[in-house]
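# Structural description and commentary
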Amino acid sequence: MPRLLSALLHMRRDPRMLKVPPYLSALCVIVGVVWLFLLPLDDYSRRTYISENAILPGQVHTYFGGSDQNVFRAFRYEIDELKDKTNIEINDGIEKIYKGIGLKVGRQNYTFMSAGKDYSGENVYAILQAPRGDATEAIVLVTAWKNIKNEWNRSAVALGLTLARYFKRWSLWSKDIIIVTPPDSRAGMQAWVDAYHDAHDTSKVASLPIKSGALQGALALDFPQEERYESLQVIYDGVNGQQPNLDLFNSVILIAAGQMGMGQTFIHDMKQHSDQYDARLKTMLRGMLNQGLGQSTGPHSSFIPYHVDAVTVQPVGQGWHDEMGLGRIVEGTFRSLNNLLEKLHQSFFFYILMNRDRFVSIGTYLPSAMLIAANFTIMAINLWIKSGKEDKKTGTTDRELLLPLITVAICQFLGGVPLAVFSHISSNLLVPVFLGFVACNAAFPFVMSSLVQSVIARSPVSLQQYQLIKCFSLLLLGMFLSALATLNFSLALIIGLLATPISFARSWPDSLVAARVLYMALLQIISPPVVLLVASAMLGPQLGGSALDGLHLVLEEAVFGWNVLGMYTPLVLWAVWWPAWIVGCLVTLGRPIEETEKTKQA
C-alpha cells in the first residue's frame, strides 16, 4: 500500500498527466453520443406496462353510444350556430346548455400581453358534482374552442357537451368531473389552471368563481374534423419538457388500441411505425426535440407543471371510427381515473418513448447527457490544476483570481440583455432586431476581448488568467447542464453537444494564426444566435412560408412561452449557453503575454 500511494503521488506530479483530461473529455462526449444511439435497441428499451393496479384500464364496459349520437348531432348543430359569434356570446350559449343539463357553471376573464400582442378572452367551465364523492378530487375534460393549430374544434366541443349530459346520468362517480371550454388551447387553458391553483396574477387573470377538489388527471380533445377518422394520436409533452405519469399514457393507449380496437394509435406524427431500429430512433429524436424546445403542445401542457397528469387525444385521417368511439375512450379513461385512491405515482415521470408501447426510463438514458456535461467539468478541473504556479520560495500556489472572476461574472450577466430585449419588444420588431443582434454578435467577441485587455485588466493578460477564465466558465456550464439533465434531459443534451467545442478552445500563439482563425470560425458557426437562425430558417419552408416566417414564428413562440407559459428554454439559451460561448471566443482570441514573449524570442 505505501508503494502504491507513493506511485500515485509521483504520477500526480508527472506533467504528462495533464495531457490526459482533453482525451478523457472527448471520450465522454463520444460515449455519450454512442449511448444515445443504443437506446432504441431491445437490450436498452422495454415494453410499457401498467404499474398502478387500481387503474384497471379497459376492464369496464362502456355504454356511451346509441342514442347519444343523436344528442351529439343536436349539440353540434347548436355549436354551428355559435361559430361566428363573439367569445362572450359563445360562452352564453355554452353556459345555457350546461345549466340545462343541471351543472354548476363558472366563467373567467383573462388578459395576457406578449410581444405587443393581446391574448385575452373568457373561459367557461362546468362542474359535475360526484354523487359518491365529497368534492375533494376532480377529473378534467378540456374541449377548447380552438385547437393548438387555431382550428375550430367543432366536434370536440359538441362531444364534451354530450359527455357532460351522459356522465350526469350515472351515479358511479366518486370524483367530480370538470368540463372546461377555453377560447384557445394555450393562453385560456393556462389562465384557468393557474387560477385553479391560486398561482395567477389577479391583475391579468380573474379568480375562479367555483372550484372542486384536487385535480387527479386531465384529458383534452383535439377533434376539429367532421368526417370519421382512421387512427388516434396521443400527445403528451408538457411545458419545459415535463411529462405525465406513464400510467396515464399507457391507460389511454390500452383503452384505444385494445378495448376500442384502434390499432393505429401513434405518437409524434409517426403514423407508420415499423418498430424497427430506424423508426424507433426517429420517434425518439422527435420526442427529444419536442422536449428540448419545452413549448406547449396542447391544452394538456398547462396541467403538467402542477403535477396534474394530462394528455391530448387527437383523431387523425379518414376511416371508419366515429365520435362515439372517441367518447368511449374518454369514458373508459375517466372510469380508470375514478378508481384511483391517490394520484398516479408508481410509474415513471421521466421517460423517452420509442413507440406507443416501448420506452426507456431515466436510469437508462440519463448517463448520456451526464457524460456530455461531465466533459466540461473535467476540462475545468484540468485548467485549475494547470493554472497553479508553485512559488519556489514559499512552495504555495499563486493564482490571480480577480480578473477571471470579474470577466466570467460580466459574461454571465450579459445574458440578461438578449433575454430582456426579446421578451419585451413587439412582434413586428422581433425579426429585424434579431437579425441585427446576429450581426452584432459576430463582432461582439472581438470587442469584448479588447475590453478585457484594455479596461478590465489594464495590462497584458497572462496565460494563467485565460486558463482561469475558461475554468470558471466551464465549471458553471457543467454544473448547470448536470442539474438541467435531471429536469429536461433533451435540452441539456442538445446544448451540451452544441457547446462541446467550447471545451477545447485555447489561446493560439502568433505562429498559428490560421488555427486561431479556423477555430474562431467554428465558434461563430455554433453560436446560439446562428444556430437559432439556421434552425428557424429550415422550419419556415416546412410550414409553407419563407425562412423569415419560420424565424418570426420561433421568436414569437419563445416570447409567448416565457411570458405566459413559464417556459425556461430562453433562460437556458441566453444565461447558460451564450455566456459560455462568449468565454470560449475570448480564450480563442486571447494572446497571453507568455505566448507573445515566446513568439518574439523565436
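Residues numbered from 1 in each chain as written. Predicted model: local features only at pLDDT ≥ 70, side-chain atom pairs only at ≥ 80, totals over all residues. Heavy atoms only, no water.

### Focus on the domain arrangement of the chain
- When its domains are assigned, the chain resolves into domain 1 (67–356) and domain 2 (376–589).
- Computed from C-alpha atoms alone, the centre-to-centre distance between domain 1 and domain 2 is 40 Å.
- Of the residues lining the interface, 22 residues belong to domain 1; the matching set on domain 2 comes to 25 residues.
- The contact between domain 1 and domain 2 buries some 1,900 Å² in all, and 56% of this surface belongs to carbon and sulfur atoms.
- Taken as a group, Ala115, Asn240 and Gln295 account for 29% of the area that domain 1 buries against domain 2, more than any other trio of residues on that side.
- One can count two salt bridges joining domain 1 with domain 2.
- The shortest N-O distance in the salt bridge between Glu557 and Arg186 comes to 2.6 Å. (Domains from an automatic or database assignment. Contact = heavy atoms within 4.5 Å. Buried area = accessible area lost by both parts, 1.4 Å probe. Salt bridge = Lys/Arg side-chain N within 4 Å of Asp/Glu carboxyl O.)

### Things to note about the sheet that holds strand E1 (residues 46–47)
- Read across the open sheet, the three strands follow the order E1-E10-E9; overall the sheet is antiparallel. Looking at the sheet topology across the chains shown, the edges are occupied by E1 and strand E9 (351–355).
- Note that E1 and strand E10 (residues 358–361) share two bridges and pair antiparallel. When the bridges of E10 are listed, Arg46 appears paired with Phe359.
- Contacts between helix H10 (residues 362–387) and the sheet are confined to E9 and E10, with E10 contributing the most and set at about 60° to the helix. (Pairing = 2+ DSSP bridges. Helix = DSSP H or I, 4+ residues; strand = E, 2+ residues; numbered from the N terminus. Axes fitted to C-alpha atoms, helices over the stretch in contact; angles between N-to-C directions.)

### Regarding the environment of Arg169
- Mapping Arg169 onto the fold places it in the loop between helix H5 (154–168) and strand E5 (176–181).
- Taking the C-alpha atoms as reference points, Arg169 and Glu78, 91 residues apart in sequence, are found 21 Å from one another.
- There is a polar contact of 3.3 Å between the side chain of Arg169 and the side chain of Asp68. (Polar contact = N/O pair within 3.5 Å; in protein donor to acceptor, adjacent residues only side chain to side chain.)

### Digging into the pattern of salt bridges
- In this structure the tally under the stated criterion is 18 salt bridges.
- Ionic pairing is found between Arg228 and Asp322, a salt bridge with its closest N-O pair at 3.9 Å. Pair noted here: Arg228 is in the loop between strand E6 (214–221) and strand E7 (229–235) and Asp322 is in the loop between strand E8 (310–321) and helix H9 (323–338), with a separation of 94 residues, a long-range link.
- A residue is classified by how much of its surface remains accessible, and Arg228, at 42% relative accessible area, is partly exposed.
- The buried category is assigned to Asp322, whose relative accessible area is 15%.
- Beyond isolated ion pairs, a larger network of salt bridges with shared partners links Asp92, Glu95, Lys99, Arg107 and Glu122. (Buried < 20%, exposed > 50% of the residue type's maximum accessible area, 1.4 Å probe, protein only.)

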